[in-house]
Amino acid sequence: MSGLTPETAIAVGLLGPLVVGVLLVATGRWPNLRDGLNLVGGTGVFLAVLRGLYPAVAAGERPTLELVEVLPGLALAFRVEPLGLLFALVASGLWIVTSLYAVGYLRGHHEGHQTRFFLCFAAAIFGALGVAFAANVFTLFVFYELITLSTYPLVTHHGTADAQRAGRVYLGVLMSTSIGFLLLAMAWTYSVAGTLDFRAGGILGEAPRGLLAPLLALYAFGAAKAALMPFHRWLPAAMVAPTPVSALLHAVAVVKAGVFTVTKVVVYVFGLDLLRDTGAADWLLAVAAFTLLAASVIALYQDNLKRRLAYSTISQLAYIVLGAALLAPRAVLGAALHIVMHAFGKITLFFCAGAIDVAAHRKKISQMHGIGRRMPITMLAFFVGSLSVAGIPPTGGAWSKWLLAEGAADGSRLVAVLIYMSSSLLALGYLMPVVAKAFFLPPAAEDEFAQAPGRAEPLLCVLPPALTAIGCIALYFGADSILRLLEGML
């Protein structure tokens, strides 16, 4: 891997998931071989991104790879900058641990169609890396749509009436917004700027000022994977999918593609200075703030654990959009950093929810009294993930939320500071009761599961959340290196 040029590393990173997909189909009759190749292939892709691209991008280079010119000045092309590299590292790195978890979960649940599951997962990672490396809005749009199409079979994996209904909502919301809004925004941008390239400082400096706010609205709502209200229904609806799919949706690829798109458009299509001078992003502040608080309040009243976590995700995504809309450099850096911190915290929580389902067959929080006695590692990991999502030291979420609040204060947006603080308290309110019930409330006398001895969950459902919980803590101490990388995006 050390001999890879940055341009070759882009190609390897993109082709890797496709090669893995072919191998999965070829070895589907031998599950152990199939799953082993999946893990090896995922590790190879992550190493290609880390060792082939990180040193160059950290040193100020912007590796580029152009495939084909579609129209004059419009190409399917890739260019890696700090924000894209960070998203690629998150997606490819968590692909490995999610694949490991999925083996334990799918086998523990005796799920069918496991080869199809891992194939669609690899296709979604391919889409995520294409979005991360996109040099222009056109390339991002192509791979953004690929993520939607490749994850639809995962949402409907169980094939039940509920799964089919959720799949219709999922596909309906995401495809209608991307075609109705995002595609229109792309065409409008091209007609005004003559280019769709992502450039430092933006490409819309000569655009009519009255155009900016509606164009930003098309981008923000067109990237409905960011789950801004009212285009958020697809996310809780998709919770009927297997838990590894929920982890993919909330942490690895799907929602991160949404907030990544919004952040990248704000920084590289509009430019912070243009939006700040014109006030064209003020409406986005209000929408993000409302989504952040409303989703947090709704989460408080959800008894189904995965639905509670789904509304938590909607709230945390709004953190990122609000940070980008604040247009203060520290807030934008905090928004980008929160993509990583939330990914590790939320994937930990979903891993734990899945482990509880596999071992105890329980989905409701009201049924979790005393399960920490049987599942201490899982529930301890849940506690750590909760601290990170709420932004409590010593977890990585503390730093991203600190930067977001600092950026809001620097921009004299004190209301935004209060909103961030209030939402952190609400996060503690909807996550800590799960931990309290598990560890501090006694199980019911007839609850044979909670009172039985020995570990309850399969090892492959315990190890991944333990690893990502450790990652939440490690990110607290390693945030400086990520921040130094991200400073190159401004």
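Located above this text is the structure these notes cover.
Residues numbered from 1 in each chain as written. Predicted model: local features only at pLDDT ≥ 70, side-chain atom pairs only at ≥ 80, totals over all residues. Heavy atoms only, no water.

**Here's the deal with the overall build of the protein chain**
Move 1: Scanning the protein chain from terminus to terminus reveals 19 helices and 2 strands.
Move 2: Taking 490 residues into account, the globule formula puts the C-alpha radius of gyration at 23 Å, and the protein chain, at 21 Å, falls close to it.
Move 3: Structurally, the protein chain occupies a C-alpha span of about 70 × 55 × 45 Å along its principal axes.
Move 4: Taking as baseline every contact in the protein chain between residues at least 6 positions apart, the subset at least 24 positions apart corresponds to 79%. (Helix = DSSP H or I, 4+ residues; strand = E, 2+ residues; numbered from the N terminus. Rg over C-alpha atoms; globule rule 2.2 N^0.38 Å. Contact = heavy atoms within 4.5 Å.)

**Observations concerning the packing of helix H13 (residues 305–326) against helix H17 (residues 414–440)**
Move 1: Look at H13 against H17: their axes get within 11 Å of each other, and the N-to-C directions meet at 165°. In terms of their interaxial angle, H13 and H17 are classed as roughly antiparallel. In this structure, the crossing between H13 and H17 has a hand that is left-handed. Residues Leu305, Arg308, Leu309, Ser312, Ser315, Gln316, Tyr319, Leu322, Gly323 and Leu326 of H13 touch H17, and the partners they reach there are Ala416, Tyr420, Ser423, Ser424, Tyr430, Leu431 and Val434. (Axes fitted to C-alpha atoms, helices over the stretch in contact; angles between N-to-C directions. Parallel < 35°, antiparallel > 145°, perpendicular 65-115°, else oblique. Left-handed = near helix turned anticlockwise from the far one by under 90°.)

**A word on helix H7 (residues 209–222)**
Move 1: For H7, built from 14 residues, the straight-helix expectation of 20 Å at 1.5 Å per residue is met to within 8% by its first-to-last C-alpha distance of 21 Å.
Move 2: Regarding H7, the residues found buried are Leu211, Leu212, Leu215, Leu216, Leu218, Tyr219, Ala220, Phe221 and Gly222.
Move 3: Of the surrounding secondary structure, the elements contacted by the buried residues of H7 are helix H5 (137–155), helix H6 (161–193), helix H10 (254–270), helix H11 (272–278) and helix H12 (282–300). (Expected span 1.5 Å × (residues − 1). Buried < 20%, exposed > 50% of the residue type's maximum accessible area, 1.4 Å probe, protein only.)

**Thoughts on the state of the cysteines**
Each disulfide consists of one covalent bond between the sulfur atoms belonging to two cysteines.
Move 1: A complete count under the given rule lists 0 disulfides for this structure.
Move 2: Sulfur of Cys461: no disulfide; nearest cysteine sulfur belongs to Cys352 and is 10 Å away. (Disulfide = S-S within 2.5 Å.)

**Describing the pairing of strand S2 (residues 74–79)**
Move 1: For S2, the tally of buried residues reaches 5 of 6 residues, placing the bulk of the element in the interior.
Move 2: Sheet analysis places strand S1 (residues 64–71) next to S2, joined by 6 bridges and oriented antiparallel. Of the residues in S2, the one forming a bridge with Glu66 is Ala77.
Move 3: The loop that links S1 with its antiparallel partner S2 comprises 2 residues; one of these, Gly73, has a positive phi angle of about 80°. (Pairing = 2+ DSSP bridges.)

**Some thoughts on the packing of H5 against H10**
Move 1: Contact pair H5 / H10: the axes reach a minimum separation of 11 Å and the direction vectors enclose 170°. One way to sum up the angle between H5 and H10 is to call them roughly antiparallel. In contact with Val137, Leu140, Tyr144, Ile147 and Thr151 of H5, H10 contributes Val254, Ala257, Gly258, Phe260, Thr261 and Val269.
Move 2: When the residues that make up the contact of H5 with H10 are grouped by side-chain class, the tally is 8 nonpolar, 3 polar and no charged. (Nonpolar A, V, L, I, M, F, W, Y, C, P; charged D, E, K, R; others polar.)

**Topic: a nonpolar patch on the surface**
Move 1: The grouping of Leu15, Leu18, Val19 and Leu23 at the surface amounts to a nonpolar patch, some 330 Å² of accessible area in total.
Move 2: Along the chain, Val19 turns up in helix H1 (residues 6–26). (Patch = residues over 30% accessible without salt bridge, like charges linked within 9 Å, V, L, I, M, F, W, Y side chains within 5 Å. Areas by Shrake-Rupley, 256 points an atom, 1.4 Å probe, with all protein chains shown as cover. Salt bridge = Lys/Arg side-chain N within 4 Å of Asp/Glu carboxyl O.)

**A closer look at the nonpolar core**
Move 1: Counting 185 residues, the largest nonpolar core has Phe133 and Phe270 as its most contacted members.
Move 2: If you tally residues by element for this core, the top one is helix H14 (residues 329–360), at 22 residues.
Move 3: If near-sequence neighbours (up to four positions away) are discounted, Phe133 is found in contact with Ile10, Leu14, Val49, Leu53, Ala77, Phe78, Arg79, Val80 and Ala88. (Core = buried A, V, L, I, M, F, W, Y, C linked by side-chain atoms within 4.5 Å.)

**Let's talk about the packing of aromatic side chains**
To describe a pair of aromatic rings, one takes the distance between the centres and the angle between the planes.
Move 1: Going through the model one piece at a time under the given rule, you end up with 14 aromatic pairs.
Move 2: Seen from their ring centres, Tyr219 and Phe270 are 6.0 Å apart, and the 85° between their planes marks the pair as edge-to-face. One end of the pair, Tyr219, is in helix H7; the other, Phe270, is in helix H10, and 51 residues separate them in sequence. This pair shows no difference in class: Tyr219 is buried, exactly as Phe270 is.
Move 3: Look at Tyr476 and Phe477: their rings are 5.1 Å apart centre to centre, the planes differ by 85°, and that puts the pair in the edge-to-face class.
Move 4: The exposure class assigned to Tyr476 is partly exposed, which follows from its relative accessible area of 21%.
Move 5: Residue Phe477 is classed as exposed on the basis of its relative accessible area of 63%.
Move 6: Chaining the aromatic ring pairs together yields one cluster made of Phe181, Phe221, Phe231 and Trp283. (Phe/Tyr/Trp six-rings, centres within 6.5 Å; stacked < 30°, edge-to-face > 60°.)

**Let's talk about the side chain of His232**
Move 1: The residue His232 is located in the loop between H7 and helix H8 (234–237) in this model.
Move 2: Here His232 is in contact with Ala227, Tyr311 and Ile314, once residues within four sequence places are set aside.

**Some words on unusual backbone geometry**
Move 1: Pro230 follows Met229 through a cis peptide bond whose omega is 15°.
Move 2: Backbone geometry places Ala227, a non-glycine residue, at a positive phi of 60°.
Move 3: Within the secondary structure layout, Ala227 lies in the loop between H7 and H8.
Move 4: On the basis of relative accessibility, which here comes to 1%, the residue Ala227 falls in the buried class.
Move 5: Of note, the phi angle at Leu327 is positive, near 70°, even though the residue is not glycine.

**Looking at the pattern of salt bridges**
Move 1: As enumerated under the stated definition, the model contains 7 salt bridges in all.
Move 2: Lys264 is the partner of Glu81 in a salt bridge, and the nearest nitrogen-oxygen pair spans 2.8 Å. Of the two residues, Glu81 is situated in the loop between S2 and helix H3 (82–108) and Lys264 in helix H10; the sequence distance between them amounts to 183 residues. In this structure, Glu81 and Lys264 share a single accessibility class: buried.

**Observations concerning the environment of Leu426**
Move 1: Inspection of the secondary structure assignment puts Leu426 in helix H17.
Move 2: Dropping the residues within four chain positions of it, Leu426 is found in contact with Leu293, Ser296, Val297 and Leu300.

**Considering the environment of Tyr152**
Move 1: As for its placement among the helices and strands, Tyr152 is situated in helix H5.
Move 2: We classify Tyr152 as partly exposed; its relative accessible area is 24%.
Move 3: Taking the C-alpha atoms as reference, Tyr152 lies 8.8 Å from Cys120; in sequence the two are 32 residues apart.
Move 4: Excluding residues that lie within four positions of it along the chain, Tyr152 makes contacts with Gln164, Gly167, Arg168, Tyr170 and Leu171.

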